[in-house]
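Structure at a glance
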Amino acid sequence: MNKTRSALSDQQLLSAYLSGDQHAISILIERHSKRVLDYIRMMVKNDELADDIYQETFIKVVRFIDDGRYTDNGKFLSWVLRIAHNQVIDYFRQTKQQNNLTEADAGYDILNTKKLADASIEDRMVSEQTEADLRKLVDNLPAEQKEVVLMRYFGEMSFKEIAEQTNVSINTALGRMRYALINLRKMIKQNQLALV
C-alpha cells in the first residue's frame, strides 16, 4: 500500500490528506524533505539552525493546508520552498544578521571548477583562498543578484524554479544573473584576483 501511495502525485497525496488520510502528508513531506533541508542549509550554513527552520517550515505548511490556505496549482514544492525562504528571512530579521549571510564555510565553488584529487597542499590552499575571495565578492552583490547566484549555484535550482521562488519572470531572473556575473567580473578585475 505504501508503494501505491508513494507513486501518487503531490496533488493526489494532498487530496488524500484532506480526505482524512493522515499518512499521505508524511509521504508528501518525506518526498520533498531533502530538497527543502538542503536549501535551508545552503542559506543558513548551520545544521542545527537548518533543522529548526526545516521543522518550522513543515509545521507552517501543514497548518496552512489544514486552514485551507493552500491553493493547489501543481507547484507544491515551489510553495514549500517559498515558505522555507520566508522562514530563513524571518530568522535573519529577528537576529538582525541579514547582512552576515556568508558562504565562508559552505565548501562550495561558485564557478563549479573541478578540484584535482591529488592536488598539492599549495594548490588546495590557493584554491581555497580563491573560493573564499569569490564568496566575499558574492556577499557584496545587490541582494536580488546575490539571491539568484545562491539559488543557482548553491541551490542548484533552474531559472524557472528561481523565477517561481522569487515571484519574478524567468527573464528577470536571467537578467539578475547576468548583472551579477557582470558585477562579479568587475569586482574580480578591481581586486586583481587570479582565478585558478
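Summarised in this report is the structure supplied together with it. Residues take numbers from 1 onward in each chain, read along the sequence in its written order. Two thresholds apply to this predicted model, a pLDDT of at least 70 for residue-level local features and 80 or more for giving and counting side-chain atom pairs, whereas whole-chain, interface and lining totals are computed over all residues. Note that water and hydrogens are dropped before the side-chain values are worked out from all heavy atoms of the structure.

So, on to the overall build of the chain. The helix and strand labels rest on DSSP assignments: H or I over at least four residues marks a helix, E over at least two residues marks a strand, and numbering proceeds from the N terminus. Of regular secondary structure, the chain possesses nine helices and zero strands. Counting from the amino terminus, helix and strand elements in the chain follow one another as α-α-α-α-α-α-α-α-α. We call a residue buried when its accessible area falls under 20% of the maximum for its residue type, exposed when it is over 50%, and partly exposed in between, using a 1.4 Å probe and counting protein chains only. Counting the 196 residues in the chain, one finds 40% classified as buried. Counting every atom, the chain has about 11900 Å² of accessible surface; 48% of that belongs to carbon and sulfur. The accessible surface values rely on the Shrake-Rupley method and a 1.4 Å probe; as for residues, cover is taken only from the protein chains in view.

Note on aromatic contacts: the rings of Phe and Tyr and the six-membered ring of Trp form a pair at centre separations within 6.5 Å, being stacked when their planes are under 30 degrees apart, edge-to-face when over 60 apart, and tilted otherwise. All told, the structure shown has five aromatic pairs when counted by the stated rule. Ring geometry for Y54 and F58: centres 5.1 Å apart, planes at 65 degrees, overall edge-to-face. Taken together, the residues Y54 and F58, both in helix α4 (residues 47-66) and four residues apart, mark about one turn of the helix. Here F64 and W79 contribute two aromatic rings whose centre-to-centre distance is 6.2 Å and whose plane-to-plane angle is 45 degrees, an arrangement assigned as tilted. Residue F64 is found in helix α4, and its partner W79 is found in helix α5 (residues 76-95); the two are separated by 15 residues along the sequence. With respect to burial, F64 and W79 carry one shared label: buried. Among the aromatic side chains, those forming a connected cluster through ring pairs are F64, Y70, F76 and W79. Ring-over charges, as used throughout, are those where CZ of Arg or NZ of Lys falls within 6 Å of the ring centre and within 35 degrees of the ring normal. A cation over an aromatic ring shows up here: R178 above the ring of Y179, its NZ or CZ 5.4 Å from the ring centre.

As a further point, take the environment of E164. Tracing the sequence through the fold places E164 in helix α8 (residues 159-166). When its relative accessible area of 25% is taken as the criterion, E164 is described as partly exposed. A C-alpha to C-alpha distance of 9.7 Å links E164 and L81, two positions 83 residues apart in sequence. Pairs of residues are marked as contacts when any of their non-hydrogen atoms sit within 4.5 Å. Here E164 is in contact with K75, S78 and R82, once residues within four sequence places are set aside.

Here the focus is the environment of W79. Residue W79 is classed as buried on the basis of its relative accessible area, which comes to 17%. Separated by 18 residues in sequence, W79 and V61 place their C-alpha atoms 8.9 Å apart.

So, on to the packing of helix α2 (residues 10-18) against α4. Angles shown run from 0 to 180 degrees and are taken between the N-to-C directions of axes, each axis being a line fitted to C-alpha atoms and, for helices, limited to the stretch in contact. Where α2 meets α4, the closest approach of the two axes is 11 Å, and the angle between their N-to-C directions is 65 degrees. As the angle between them shows, α2 and α4 are arranged roughly perpendicular. Crossing handedness for the pair α2 and α4: right-handed. Here L14, Y17 and L18 of α2 lie close against α4, whose contacting residues are V62, I65 and D66. Nonpolar residues are Ala, Val, Leu, Ile, Met, Phe, Trp, Tyr, Cys and Pro. Charged residues are Asp, Glu, Lys and Arg, and all others, Gly as well, are polar. Its residues assigned to classes, the contact of α2 with α4 shows five nonpolar, no polar and one charged. Roughly parallel means an angle under 35 degrees; roughly antiparallel, over 145; roughly perpendicular, 65 to 115; everything else is oblique. Two helices cross in a left-handed way if the nearer one is turned anticlockwise from the farther one by less than a right angle. They cross in a right-handed way if the turn is clockwise.

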